[in-house]
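# A closer look at the structure
Below are the chains, spelled out letter by letter.
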Amino acid sequence: MVATADLYDERGEQLASLSLQLRDFGGVPEFSGPVRTIRCFEDNGLVKAVCATPGAGAVLVVDGGGSLRSALMGDLIAASAVEHGWAGAIIHGAIRDSGALGGLALGVKALGTNPRKSAKAGAGVVDEPVEIGGVTFRPGATVWADADGVLVER
């Protein structure tokens, strides 16, 4: 994968750069792919359901409203994502089982951690544009993530 810094130098304003500082948790530090989205709040029912469908190298972008009160992904959901061919997840919220996620072949960026599990009602929406940190993530756009940050096609 091309480094995000080099990619931005090459493509400039064709790309949006997420200034929000996310932490790396997955076992794959550099990942990219077409965007799939979920908007949910303290409920990971949709995250679990979507990660159990064929990912085909996509990156799941989850707008969890920035809540750190409960985790939207843990080791079981992340393992399901690996099994179903997802490249990674970018979560505007918390994850848990951070040590286990580091051992999985999945890129994971999130705000932080919380061992508390979330609700499982499945509230939220799938595959609609989401805005995180002033950057819009549209389903189907390509996203790139590495140690320097996150870029997405405008």
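Keep in mind it's a predicted model, so treat the numbers as computed, not measured. (Residues numbered from 1 in each chain as written. Predicted model: local features only at pLDDT ≥ 70, side-chain atom pairs only at ≥ 80, totals over all residues. Heavy atoms only, no water.)

## Notes on the overall build of the chain
- The number of helices and strands found in the chain is 4 helices and 12 strands.
- Projected onto its principal axes, the C-alpha coordinates of the chain cover approximately 40 × 30 × 25 Å.
- When the 154 residues of the chain are sorted by exposure, 47% land in the buried category.
- In the chain, the share of contacts with a sequence separation of at least 24, taken over all contacts with a separation of at least 6, comes to 74%. (Helix = DSSP H or I, 4+ residues; strand = E, 2+ residues; numbered from the N terminus. Buried < 20%, exposed > 50% of the residue type's maximum accessible area, 1.4 Å probe, protein only. Contact = heavy atoms within 4.5 Å.)

## Examining helix α3 (residues 75–83)
- For α3, the complete set of buried residues consists of I77, A78, S80 and A81. Burial along α3 is one-sided: seen end-on, the buried residues are contained in an arc of 155 degrees. Opposite its buried face, α3 presents the exposed residues L76 and E83, each directed more than 90 degrees away.
- The inward-facing, buried residues of α3 abut α2 (45–51), β5 (71–73) and α4 (98–101). (Arc of directions from axis to C-beta.)

## So, the pattern of salt bridges
- Inspection of the entire model under this criterion finds 7 salt bridges.
- A salt bridge links K109 to D24; the nearest nitrogen and oxygen atoms lie 2.7 Å apart. With K109 in strand β7 (residues 107–113) and D24 in strand β2 (residues 23–24), this residue pair connects regions lying 85 residues apart in the sequence.
- Note on D24: relative accessible area 38%, which makes it partly exposed.
- A salt bridge links E128 to R39, with the shortest nitrogen-to-oxygen separation between them at 3.9 Å. Here E128, found in the loop between β8 (125–126) and β9 (130–132), pairs with R39, found in strand β3 (residues 31–39); they are 89 residues apart in sequence, far enough to count as distant.
- Overall, E128 belongs to the partly exposed group, its relative accessible area being 38%. (Salt bridge = Lys/Arg side-chain N within 4 Å of Asp/Glu carboxyl O.)

## Examining the environment of I38
- Counting through the fold element by element, I38 comes out in strand β3.
- Accessibility expressed as a relative area gives 0% for I38, which makes it buried.
- Measuring from C-alpha to C-alpha, the distance between I38 and D97 comes to 21 Å, with 59 residues separating the pair along the chain.
- With near-sequence residues (within four places) excluded, I38 lies in contact with L46, V47, V50, L60, V61, V62, D63, V125, V126 and V130.

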